[in-house]
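Report on the structure
These are the residues of each chain, in order.
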Amino acid sequence: MPLLSAVIITLNEERNIKRCIDSIKDVVDEIIVVDSGSTDKTKQICETAGVRFIYKDWEGYAVARNAGASMAANDWIVALDADEAFSDELKKSVLELKKSNNPVFASFKRLTNYCGHWVKHCGWYPDVKLRLYDRRKSEFSGIIHETISPAFDPITLLNGDLLHYSYYSISDHVVQYNKYTTLTAQEAYLKGQRSSIVKIIANPGIKFFKSYFLQLGLLDGYYGFIICKMSAHATFLKYCKLYILGKRS
């Protein structure tokens, strides 16, 4: 497989970025960090690690990822967030793919760590993400939960996990889903979706039932319950925000 460039997007990621870089430095051939204005030690940590550090005004996740890919020395790109890291098995899988000299788009199974607990249910695992691609053929698009498009077959699902250190506390989760529900409501509105009082009342309950019972969140114990309740509340907020957007139009 051709040489690989990793593109990592950051904003105040001093507690995560070193782990991310260390997990991929022996796997990829170049690491580019696209930063949108960190005020903590993110830049210093990246400079110490010897990676390319690039500042770019924030215009969205997809724009940041595509900007980094456009500045890479190589056409094959691994896209990461600063709070993600390769597991040892995933490192081995990527290295084997490189040795095969058979370039393919590849997906990773993302395993999330929530307050020190690895979440295996709740609809959170396997959270398959297409993250290895050819920038000459595809790019990222979307406001949130951005995706690579077009996605060319064959797409190989690699063994090993992309470890996602998403939330160190419940408060982190609250802050994040408040931000994301605003973005998801905006994206839904632009796609022509609309909310209603019925959806605001019914959909959170449906979300909890699905994630806690059908997707076995109950097997994740205390944190499984918290995650499913938070997901239900995030659904409530999304439809409330979408309802307000509809009223303003």
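Residues numbered from 1 in each chain as written. Predicted model: local features only at pLDDT ≥ 70, side-chain atom pairs only at ≥ 80, totals over all residues. Heavy atoms only, no water.

Summed over the entire model, instances satisfying the criterion amount to 18 aromatic pairs. Between the aromatic rings of Phe208 and Tyr212, the centroid separation amounts to 5.1 Å while the plane-to-plane angle is 15°, which identifies the pairing as stacked. A residue pair is termed a helical-turn pair when its members lie 3 or 4 positions apart in one helix, as Phe208 and Tyr212 do in helix H6 (residues 197–214) at four residues. The same class applies to Phe208 as to Tyr212, namely buried. Site record: aromatic cluster; members linked through ring pairs are Tyr114, Trp124, Tyr167, Tyr222 and Tyr223. (Phe/Tyr/Trp six-rings, centres within 6.5 Å; stacked < 30°, edge-to-face > 60°. Helix = DSSP H or I, 4+ residues; strand = E, 2+ residues; numbered from the N terminus. Buried < 20%, exposed > 50% of the residue type's maximum accessible area, 1.4 Å probe, protein only.)

Inspection of helix H1 (residues 17–24) places Ile17, Cys20, Ile21, Ser23 and Ile24 among the buried residues, and these make up the whole buried set. In an axial view of H1, the angular spread of the buried residues amounts to 165°, which keeps them on one side of the axis. (Arc of directions from axis to C-beta.)

A few words now on the side chain of Thr181. Structurally, the position occupied by Thr181 is in helix H5 (residues 170–190). By relative accessible area, which is 5% here, Thr181 ends up buried. For Thr181, the side chain forms a polar contact with the main-chain oxygen of Tyr177, separated by 2.8 Å. Leaving out residues up to four positions away in the same chain, Thr181 has contacts with Ala234, Leu237, Lys238 and Lys241. (Polar contact = N/O pair within 3.5 Å; in protein donor to acceptor, adjacent residues only side chain to side chain. Contact = heavy atoms within 4.5 Å.)

Turning to the pattern of salt bridges, a few remarks are in order. Considering all chains together, one arrives at 16 salt bridges under this definition. With a closest N to O distance of 2.7 Å, Asp22 and Lys18 form a salt bridge. Taken as a pair, Asp22 and Lys18 lie in helix H1 at a separation of four residues, close to a single helical turn. On the accessibility criterion, Asp22 (29% relative accessible area) is partly exposed. Between Arg136 and Asp75 there is a salt bridge, and its shortest N-O distance comes to 3.4 Å. (Salt bridge = Lys/Arg side-chain N within 4 Å of Asp/Glu carboxyl O.)

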